[in-house]
Amino acid sequence: MKKVSFHTFGCKLNQTETSFLENEFTKRGYRSVAIEEPADYVVINTCTVTARTDYKCRQLIRRVRKTSPDAKIVVVGCYAQMDPERLKSIPGVNLILGADRKFNIFDYLENGKPANGIIEETGDNEKFIDSTPELFSGKTRAFLKIQDGCNSFCSYCIVPYARGRSRSDLPENVIANVEKLVANGYREIVLTGVHIGKYGQDLQPSISLFTLLRQLLEIRGLGRIRLSSLEPKEIDDDLIDLIAKNEKICPHFHVPLQSGDDEILRKMRRHYSVTEYKNIIEKIVCRIPKVGLGTDVIVGFPGEMDRHFENTKKFIESIPFTYLHVFSFSDRPGTDAYNMREKIDASAKKERSALLIQIAGEKKAEFYRKAVGGYFDVLFEDEVPGRWMYGFTENYIRVRSAKKADLFNKIKQINVSSADNNFVLANVLD
Ligand code: SF4
């Protein structure tokens, strides 16, 4: 039995696509092994959002070359799409497949397409490719890709170039996939993509994420749905209302902010002002008081002077975020920001990032403290053998409970007894 190993860099979408490829290899009789183990094939699904992810990918290729000297190394995904020439220069790489070409992998490995020498194929990413795996190994939550690509071209972002134009899966196919995942025992479905707020706008007839959600709520046996990232201006009153009224849609919004300064937002081409962002968040919090509210922030965007950063810091402190993802600006060749002057030095980025990460920790701890005494529904996902079970509440609080036999992959009601900075302790109510 041939052995194959996988490594995924980047987003939930990449993880879902790797799970799909892993399923396909397993169906063909391959045995999936850990990336540290010798294998016949090594598949690396790449990300190119930052220069650091590119570097880590190149580093991994060199490492697996040592672990599996005879393996065929296949590099797929966004970095492969954007810089195949650089990857070709690394000894040991056999096959380079771009964003949507990754799904043609067996054409090269099995159907006799010559696999010696370096093959590279990067496509046009025009069609939506359904890559829903039956199984997500070792996971209780299923990440379902409903949309791919993006038309926004925020000035710092490489994603539209790497993944192509926004394109959606047909609603009937999304419904069929959710039904399949529910039948396979998944209690929580995370709807993911690059820009899911634009779901359905490319379809004829077009359909909205709101309408799709209402159709998914009809599915028998559905546990709960969680939404991945939503752009601010794609959150309207109807969507907020639908989530407020339906326990089967998690009261958890992840709404990228990127900057809390209007001048920087304009340079980023983010199409909303700080005031507009604040108004949308206030509507959500007013309608759904226990909401889990996450965001992404970039520090060190070109031209971000101390006063701009101060505005961002003050704005973040004024918003009831419950967690933050903090990123340092990374120069991406091909993006407009790459050609901007007034680049910020690494030490300033580091300092600003540390400040926001500290605020993030305080906000999360405060949110967890406020949960003490409260009742929530947790999907138990992983465990510390013999001691603890862990899972997330509907509003994205990490929970630890004493291990009980039948908790794994179950949604159970809990009562929070105390809070730590990174989890709350809770009792499971039978
Ligand atoms: S919305 Fe902007 S940041 Fe998000 S993927 Fe599209 S271009 Fe990138």
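Residues numbered from 1 in each chain as written. Predicted model: local features only at pLDDT ≥ 70, side-chain atom pairs only at ≥ 80, totals over all residues. Heavy atoms only, no water.

Student: So what exactly am I meant to see when it comes to the pairing of strand β16 (residues 388-393) here?
Tutor: The element β16 is largely enclosed, with a buried count of six among its six residues. Relative to β16, strand β15 (residues 375-384) runs antiparallel, the two being bridged by six bridges. The residue bridging valine 384 from the neighbouring strand is tryptophan 388, located in β16. Where β15 folds back on β16, the antiparallel hairpin that results is connected by three residues, among which glycine 386 adopts a positive phi of roughly 80 degrees. Taken together, the five bridges between β16 and strand β17 (residues 398-402) define a ladder with antiparallel strand orientation. In the sheet register, glycine 391 faces β17, and the bridge partner there is valine 399. Linking two consecutive strands that pair antiparallel, namely β16 and β17, is a turn of four residues; a positive phi of about 65 degrees is found at tyrosine 396 within it. (Buried < 20%, exposed > 50% of the residue type's maximum accessible area, 1.4 Å probe, protein only. Helix = DSSP H or I, 4+ residues; strand = E, 2+ residues; numbered from the N terminus. Pairing = 2+ DSSP bridges.)

Student: For this particular structure, what's the right way to read the layout of surface pockets?
Tutor: Picture a little ball the size of a water molecule; that probe, rolled over the atoms, points out where space is still empty. One number sums up the size of the second largest pocket: a volume of about 340 Å³. Along the wall of the second largest pocket there are 19 residues; nearest its centre are Glu247, Lys248, Lys290, Asp377 and Glu394. Broken down by secondary-structure element, the contributors of at least two residues to the lining of the second largest pocket are α9 (237-245), β15 and β18 (411-419). It is β15 that contributes the most residues to the lining of the second largest pocket, three residues altogether. (1 Å grid on protein atoms, 1.4 Å probe; cavity = no way out; pocket = protein on both sides within 12 Å on 5 of 7 lines; lining within 4 Å. Points joined across faces, edges and corners; volume = space filled by probe spheres on them.)

Student: Can you walk me through the nonpolar core in this structure?
Tutor: Side chains of nonpolar character tend, in soluble globular proteins, to be buried together. Judged by nonpolar contacts, the single largest core of 68 residues is most densely connected at Ile146, Tyr156, Val178, Ile189, Leu191, Leu213 and Phe253. If we ignore the near neighbours within four places in the chain, the residues touching leucine 191 are Leu144, Ile146, Ile196, Leu213, Leu216, Ile225, Arg226, Leu227 and Ser228. Grouped together as the second largest cluster of nonpolar side chains are 20 residues, Val42, Cys47, Cys57 and Ile90 included. (Core = buried A, V, L, I, M, F, W, Y, C linked by side-chain atoms within 4.5 Å. Contact = heavy atoms within 4.5 Å.)

Student: What is the right way to read the site of the ligand from this model?
Tutor: Taken together, Cys150, Ser152, Phe153, Cys154, Tyr156, Cys157, Val159, Pro160, Val194, His195, Glu231 and Arg270 make up the full set of residues adjacent to the ligand. Here the residues of the shell around the ligand sort into eight nonpolar, two polar and two charged. (Near = heavy atom within 4 Å. Nonpolar A, V, L, I, M, F, W, Y, C, P; charged D, E, K, R; others polar.)

Student: So what exactly am I meant to see when it comes to the environment of alanine 71 here?
Tutor: Mapped onto the fold, alanine 71 is located in the loop between α2 (51-67) and β4 (72-77). Take alanine 71: its relative accessible area is 5%, and that puts it in the buried class. Residues alanine 71 and asparagine 94, spaced 23 residues apart in sequence, show a C-alpha to C-alpha distance of 9.1 Å. Residues contacting alanine 71, with those up to four places away along its chain left out, are Ala39, Asp40, Tyr41, Val42, Arg65 and Asn94.

Student: Explanation requested: the domain arrangement of the chain in the structure shown.
Tutor: Put simply, an interface is often sized by how much accessible area is lost when its parts join up. Domain annotation of the chain identifies domain 1 (3-121) and domain 2 (375-428). A separation of 35 Å is found between the C-alpha centroids of domain 1 and domain 2. (Domains from an automatic or database assignment.)

Student: What's the story with unusual backbone geometry in this structure? I'm lost.
Tutor: A negative phi angle characterises most non-glycine residues, just as the trans form characterises most peptide bonds. The residue after glutamine 204, namely proline 205, is reached through a cis peptide bond having omega -10 degrees. Topologically, proline 205 is positioned in the loop between β10 (188-192) and α8 (209-216). A positive phi angle, near 65 degrees, is found at tyrosine 396, a position not held by glycine. With respect to the secondary-structure elements, tyrosine 396 resides in the loop between β16 and β17. A residue is classified by how much of its surface remains accessible, and tyrosine 396, at 22% relative accessible area, is partly exposed. A positive phi angle, close to 60 degrees, is found at asparagine 409, a residue other than glycine. With respect to the helices, strands and loops of the structure, asparagine 409 is situated in the loop between β17 and β18.

Student: Help me understand the sheet that holds β17 in this model?
Tutor: Backbone-to-backbone hydrogen bonds join strands into a sheet, with any given pair of strands oriented parallel or antiparallel. Around the barrel, which closes on itself, the five strands sit in the order β15-β16-β17-β19-β18 with mixed pairing between neighbours. The mean angle between the axes of side-by-side strands here comes to 55 degrees, regardless of whether they run parallel or antiparallel. (Axes fitted to C-alpha atoms, helices over the stretch in contact; angles between N-to-C directions.)

Student: Teacher, can you tell me more about the pattern of salt bridges here?
Tutor: It is possible for side chains bearing opposite charge to pair when their charged atoms get close. Across all of its chains, the model carries 32 salt bridges by this definition. Among the ionic pairs, aspartate 148 bridges to lysine 145, the shortest N-O distance being 3.7 Å. Here the two residues aspartate 148 and lysine 145 agree in accessibility, since each one is buried. (Salt bridge = Lys/Arg side-chain N within 4 Å of Asp/Glu carboxyl O.)

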